[in-house]
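# Observations on chain architecture
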Amino acid sequence: MGDSNEPILKVKDLGVVFNDIKLGLIALESITFDVKESEFVSIIGPSGCGKSTLFKLLADLIDSDGINAGISGNIEVLGHSPEYARKNRKLGVVFQKPTLLEWRDIRSNVALPLEIMRVNRSEIKQRVDELLAMVGLESYGSFRPSQLSGGMQQRISIARALAYDPDILLMDEPFSALDEIKRREMNDSLLRIWKQTGKTILFVTHSIQEAVYLSERIIVLSERPGKVKDILEIPMKYPRDKYLDSDQYFDLQNKVRHALSK
Ligand code: ADP
Ligand code: MG
C-alpha cells in the first residue's frame, strides 16, 4: 500500500463542542496526532474525556446533521475523509458491546458485511472459515451469539470487523466488560491477529495496564475537554507477557499514570 512513510491516519486540531444537552459542552480540544501503517496505537483517558466521541468521528459514525455539535479541525484516513473511508470499507470497528444479531448464527453474523457487499457464496464461505479460524472459534459457526461467552462474542465482533479486509481496525474499549483473566487472553489474541494481518490498530481504553501491554504508542488524553497531554512510546518487544513483572513494565505504567495525572 503506497508510501509507507505517510501516516495512514491524521488528526489535526480537532475540536468538538456539543450544544444539544448542555450548550457549549467542549468534548475535545485541539487534538492532533498521526498513526502510521501497521502501528498499534492506544488512546487512553479518564471516562467522559471524549474518547468515544473521537472514535465515532474517525469511524464516521457521528451524523453531523443528527446531533447539534460544532466540529472543527481535520481528519484524514488514507488521504480521504472519514466518510469516504467508511464507504470504501477502509475501517473496521469494534465496540464495547458485541452488537451481534441474535437471530443469525455465528457464521452468518461474520458473513453479514460480505453479504451486503454481494460477495458470492463460495467466497463468503471461504472467507468466514478463515476469519473464524483466525479468532479460534471455527467450531462455533452454528451457535447463536447468546450461547457464547462475552469474550467469545467479542472475538466474533473482531472477525466481523475484519470481514471486508479494512486497512484500519478501530476499537472502543472492546474488552472492558471482561474479567482480567479473559481480558489478558483477548489482548494476546488481538496481538496475534495484529501480527498475522499487519492491520493498523487504534485502540481506545481507560486501562493503563492494557494500553502498555498492547501498544507501540499511547496517546494520553486529559479530562474533559479532552486534549492530548502526551504521546508515549512503549519500546518493549512483543510478546510482553514475560515482562509483566519487570521494572521496565512497571516504569512504563507509571509514566502513563503520571501523564494522566499531570
Ligand atoms: P468517553 O468515551 O471518554 O467516556 P465520550 O466521548 O462518550 O467520553 O463523552 C465525552 C463528553 O461528551 C461527555 O461529557 C459526554 O456526556 C458528552 N457527550 C457525548 N455525546 C454527546 C452528545 N451527543 N450530546 C451532548 N453531549 C455528549
Ligand atoms: Mg467511551
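Each chain has its residues counted from 1, running along the sequence as written. Whichever chain is written first is A, and whichever ligand is written first is 1; the rest continue in order. Since the coordinates come from a predicted model, pLDDT governs what is reported: local features require at least 70, and pairs of side-chain atoms require 80 or more to be given and counted, while whole-chain, interface and lining totals use all residues. Note: side-chain values were computed over all heavy atoms of the structure, leaving out hydrogens and water.

Under the annotation held in an unreviewed UniProt entry, the protein chain carries the name ABC transporter ATP-binding protein and is attributed to Candidatus Dojkabacteria bacterium.

## Re the environment of Ala-259
Our working definition: Each helix is a run of H or I in the DSSP string that is no shorter than four residues. Each strand is a run of E no shorter than two, and both are numbered from the N terminus.
Secondary-structure assignment places Ala-259 in helix 8 (residues 247-261). In this structure, the C-alpha to C-alpha distance between Ala-259 and Ile-26, residues 233 residues apart in sequence, is 21 Å.

## Some remarks on the nonpolar core
Rules: Here, nonpolar core refers to any group of buried Ala, Val, Leu, Ile, Met, Phe, Trp, Tyr and Cys residues whose side-chain atoms link them within 4.5 Å. Remark: exposure states derive from per-residue accessible area (1.4 Å probe, protein chains only) relative to the maximum for the residue type, with buried under 20%, exposed over 50%, and partly exposed in between. Between two residues, a contact is recorded if the distance between any of their heavy atoms is within 4.5 Å.
Grouped together as the largest cluster of nonpolar side chains are 48 residues, with contacts concentrated most on Met-171 and Val-212. When residues no more than four places from it in sequence are discounted, the contact partners of Met-171 are Phe-55, Val-94, Ile-158, Leu-190, Ile-201, Leu-202, Phe-203 and Val-204.

## A few points about the sheet that holds strand 5 (residues 91-94)
How we decide: One requirement defines pairing of two strands: DSSP has to find at least two bridges between them. Each axis is a line fitted through C-alpha atoms, and for a helix only the stretch in contact is used; angles between axes span 0 to 180 degrees, taken between their N-to-C directions.
Strand order in the open sheet made by the 6 strands is 5-6-7-3-8-9, with mixed pairing throughout. In this open sheet, the two strands that pair with only one neighbour each are strand 5 and strand 9 (228-233). Pairwise comparison of adjacent strand axes, ignoring direction, gives a mean angle of 15° for this sheet. Two elements, strand 8 (residues 217-221) and strand 9, share 5 bridges in a ladder whose sense is antiparallel. Across the sheet, Val-220 pairs through a bridge with Asp-230, a residue of strand 9.

## Describing the packing of helix 3 (residues 106-116) against helix 4 (residues 121-134)
We count it as follows: Reported orientations rely on four angle classes, namely roughly parallel under 35 degrees, roughly antiparallel over 145, roughly perpendicular from 65 to 115, and oblique for the rest. Each crossing gets its handedness from the near helix: less than a right angle anticlockwise from the far helix is left-handed, clockwise is right-handed. Residue type decides the class: Asp, Glu, Lys and Arg count as charged, Ala, Val, Leu, Ile, Met, Phe, Trp, Tyr, Cys and Pro as nonpolar, and the leftover types, Gly among them, as polar.
At a closest axis distance of 10 Å, the pairing of helix 3 and helix 4 adopts a crossing angle of 125°. As judged from the angle between their axes, helix 3 and helix 4 are oblique. Read as a crossing pair, helix 3 and helix 4 show a hand that is right-handed. Between helix 3, through Ile-106, Arg-107, Val-110, Ala-111, Leu-114 and Glu-115, and helix 4, the contact on the second element is made entirely by Ile-124, Lys-125, Arg-127, Val-128, Asp-129, Leu-131 and Leu-132. Along the lines of polarity and charge, the residues of the contact of helix 3 with helix 4 split into 8 nonpolar, no polar and 5 charged.

## Some words on the site of ligand 1
Applied cut-off: By convention in this text, a residue qualifies as near a molecule or strand provided that one of its non-hydrogen atoms is within 4 Å of it. Under this definition, polar contacts are N or O atom pairs within 3.5 Å; protein pairs additionally need one hydrogen-donor-capable and one acceptor-capable atom, and for neighbouring residues in sequence, both atoms have to be side-chain atoms. Note on areas: Shrake-Rupley with a 1.4 Å probe; residue coverage comes only from the protein chains shown.
In the neighbourhood of ligand 1, 14 residues make up the surrounding shell, with Asp-20, Gly-48, Lys-51, Ser-52 and Thr-53 lying closest. Thr-53 is positioned with one of its side-chain polar atoms (N or O) 2.6 Å from an oxygen atom of ligand 1. For ligand 1, whose unbound accessible area comes to 560 Å², protein coverage reaches 73%. Elements with a contribution of two residues or more to the shell around ligand 1: strand 2 (25-35) and helix 1 (51-58). With 3 residues, the top contributor of residues to the shell around ligand 1 is helix 1. In the shell around ligand 1, the residues fall into 6 nonpolar, 5 polar and 3 charged.

## Things to note about the pairing of strand 7 (residues 200-205)
Defined as follows: Crossovers are described as right-handed under a simple rule: with the strands pointing away from the observer, the path leading from the first strand over the helix to the second runs clockwise.
Counting buried positions along strand 7 gives 6 out of 6 residues, so the element sits mostly inside the fold. Neither face of strand 7 is exposed, since Thr-200, Leu-202 and Val-204 on one face and Ile-201, Phe-203 and Thr-205 on the opposite face are all buried. In the sheet, strand 3 (residues 40-44) pairs with strand 7 via 5 bridges, with the strands oriented parallel. Residue pairing across strands places Phe-40 opposite Ile-201, the latter belonging to strand 7. By the bridge criterion, 5 bridges tie strand 6 (residues 168-172) to strand 7 in an arrangement that is parallel. The residue of strand 7 that forms the bridge with Met-171 is Phe-203. With helix 6 (residues 180-197) bridging strand 6 and its parallel neighbour strand 7, the resulting β-α-β unit is right-handed.

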